[in-house]
Amino acid sequence: NCMLAKDVIAANEIYEICRKAKADYRMVEMAMRLDPRIGRHIEILEPEGGYNSVCFNKDVPAFDNYAKKLGFKDTIFGYIHRWNMKKRPELYEKRI
(Lines give C-alpha, C1' and ligand atoms only; values in the text may rest on other atoms or scores of the structure.)
Protein backbone atom coordinates (compact mmCIF):
# COMPACT_ATOMS: atom_id res chain seq x y z
CA ASN A 1 0.00 0.00 0.00
CA CYS A 2 2.86 2.40 0.72
CA MET A 3 4.25 1.92 -2.77
CA LEU A 4 0.85 2.48 -4.35
CA ALA A 5 0.34 5.60 -2.24
CA LYS A 6 3.72 6.86 -3.47
CA ASP A 7 2.59 6.43 -7.08
CA VAL A 8 -0.65 8.31 -6.47
CA ILE A 9 1.17 11.21 -4.80
CA ALA A 10 3.82 11.28 -7.55
CA ALA A 11 1.08 11.53 -10.19
CA ASN A 12 -0.51 14.33 -8.18
CA GLU A 13 2.78 16.23 -7.97
CA ILE A 14 3.43 15.85 -11.70
CA TYR A 15 -0.10 17.04 -12.40
CA GLU A 16 0.39 20.15 -10.21
CA ILE A 17 3.69 20.99 -11.92
CA CYS A 18 2.07 20.58 -15.36
CA ARG A 19 -0.84 22.78 -14.32
CA LYS A 20 1.46 25.59 -13.12
CA ALA A 21 3.61 25.25 -16.24
CA LYS A 22 0.46 25.26 -18.42
CA ALA A 23 1.51 21.89 -19.82
CA ASP A 24 -0.95 19.18 -20.82
CA TYR A 25 -0.78 16.52 -18.10
CA ARG A 26 -2.34 13.88 -20.38
CA MET A 27 0.47 14.39 -22.89
CA VAL A 28 3.06 14.02 -20.11
CA GLU A 29 1.25 10.92 -18.88
CA MET A 30 1.31 9.44 -22.41
CA ALA A 31 5.05 10.15 -22.64
CA MET A 32 5.62 8.39 -19.30
CA ARG A 33 3.69 5.38 -20.59
CA LEU A 34 6.11 5.12 -23.54
CA ASP A 35 9.00 4.47 -21.16
CA PRO A 36 8.91 0.70 -20.58
CA ARG A 37 10.31 1.14 -17.07
CA ILE A 38 7.36 3.32 -16.09
CA GLY A 39 4.53 2.62 -18.51
CA ARG A 40 3.53 -0.75 -17.21
CA HIS A 41 3.12 0.69 -13.71
CA ILE A 42 0.92 3.65 -14.57
CA GLU A 43 -2.76 3.18 -14.01
CA ILE A 44 -5.18 5.77 -15.27
CA LEU A 45 -5.17 8.19 -12.37
CA GLU A 46 -7.22 11.26 -11.86
CA PRO A 47 -4.31 13.10 -10.33
CA GLU A 48 -6.12 15.70 -8.31
CA GLY A 49 -6.51 15.58 -4.60
CA GLY A 50 -4.42 12.76 -3.17
CA TYR A 51 -5.69 9.32 -2.25
CA ASN A 52 -8.90 8.37 -0.50
CA SER A 53 -8.21 4.90 0.82
CA VAL A 54 -8.87 3.65 4.32
CA CYS A 55 -5.96 1.23 3.98
CA PHE A 56 -3.52 3.87 2.68
CA ASN A 57 -4.59 6.29 5.43
CA LYS A 58 -3.81 3.61 8.01
CA ASP A 59 -0.81 1.85 6.48
CA VAL A 60 1.31 4.79 5.30
CA PRO A 61 1.62 6.55 8.69
CA ALA A 62 1.98 3.19 10.45
CA PHE A 63 4.94 2.29 8.22
CA ASP A 64 6.49 5.72 8.78
CA ASN A 65 6.08 5.36 12.56
CA TYR A 66 7.65 1.90 12.45
CA ALA A 67 10.64 3.28 10.54
CA LYS A 68 11.02 6.03 13.15
CA LYS A 69 11.03 3.42 15.92
CA LEU A 70 13.92 1.76 14.05
CA GLY A 71 15.84 5.03 14.15
CA PHE A 72 14.99 6.67 10.82
CA LYS A 73 14.60 10.41 11.20
CA ASP A 74 12.15 10.78 8.32
CA THR A 75 10.97 8.71 5.40
CA ILE A 76 9.35 9.42 2.07
CA PHE A 77 6.25 7.79 3.52
CA GLY A 78 6.02 10.47 6.20
CA TYR A 79 6.15 13.06 3.44
CA ILE A 80 3.48 11.19 1.49
CA HIS A 81 1.18 11.11 4.52
CA ARG A 82 1.69 14.82 5.29
CA TRP A 83 1.11 15.70 1.62
CA ASN A 84 -2.14 13.75 1.54
CA MET A 85 -3.30 15.34 4.80
CA LYS A 86 -2.92 18.77 3.17
CA LYS A 87 -4.79 17.72 0.02
CA ARG A 88 -7.51 15.69 1.75
CA PRO A 89 -8.06 17.28 5.20
CA GLU A 90 -11.63 15.99 5.34
CA LEU A 91 -10.27 12.44 5.66
CA TYR A 92 -8.38 13.31 8.82
CA GLU A 93 -10.68 15.83 10.54
CA LYS A 94 -13.15 13.07 11.40
CA ARG A 95 -10.50 11.20 13.40
CA ILE A 96 -9.77 14.06 15.80
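The preceding data block contains the structure.
A short tour of the structure in this document, coming up. (Residues numbered from 1 in each chain as written. Predicted model: local features only at pLDDT ≥ 70, side-chain atom pairs only at ≥ 80, totals over all residues. Heavy atoms only, no water.)

### Observations concerning the overall build of the chain
So, point 1. Tallying secondary structure elements over the chain gives 6 helices and 0 strands in all.
So, point 2. Each helix and strand of the chain, ordered N terminal to C terminal, gives the series α-α-α-α-α-α.
So, point 3. Split into buried and exposed, the 96 residues of the chain put 36% on the buried side.
So, point 4. When contacts within the chain are restricted to residue pairs at least 6 apart in sequence, long-range pairs at least 24 apart make up 58% of them. (Helix = DSSP H or I, 4+ residues; strand = E, 2+ residues; numbered from the N terminus. Buried < 20%, exposed > 50% of the residue type's maximum accessible area, 1.4 Å probe, protein only. Contact = heavy atoms within 4.5 Å.)

### With respect to the nonpolar core
So, point 1. Among the nonpolar cores identified, the biggest contains 10 residues, and these are Cys2, Ala5, Val8, Ile9, Tyr51, Phe56, Val60, Phe77, Ile80 and Trp83.
So, point 2. Only α1 (2-21), α4 (54-69) and α5 (76-87) provide two or more residues apiece to this core.
So, point 3. For this core, the element with the most residues is α1, which contributes 4 residues.
So, point 4. Excluding residues that lie within four positions of it along the chain, Ile80 makes contacts with Ala5, Lys6, Ile9, Tyr51 and Val60. (Core = buried A, V, L, I, M, F, W, Y, C linked by side-chain atoms within 4.5 Å.)

### Things to note about the packing of α1 against helix α2 (residues 25-34)
So, point 1. Close contact between α1 and α2 brings their axes to 9 Å; oriented N to C, the two are set at 135°. Here α1 is positioned oblique relative to α2, judged by the angle of their axes. For the pair α1 and α2, the crossing hand works out as right-handed. Contacts between α1 and α2 involve Ala11, Ile14, Tyr15 and Cys18 from the former and Tyr25, Val28 and Met32 from the latter.
So, point 2. For the contact of α1 with α2, the per-class residue count stands at 7 nonpolar, no polar and no charged. (Axes fitted to C-alpha atoms, helices over the stretch in contact; angles between N-to-C directions. Parallel < 35°, antiparallel > 145°, perpendicular 65-115°, else oblique. Left-handed = near helix turned anticlockwise from the far one by under 90°. Nonpolar A, V, L, I, M, F, W, Y, C, P; charged D, E, K, R; others polar.)

### Describing α5
So, point 1. Under the 1.5 Å per step criterion, the end-to-end length of α5 is 17 Å for 12 residues, consistent within 8% with the ideal 16 Å.
So, point 2. For α5, the full list of buried residues reads Phe77, Gly78, Ile80, His81, Trp83 and Asn84. (Expected span 1.5 Å × (residues − 1).)

Bear in mind that shape data such as this cannot, by itself, settle questions of function.
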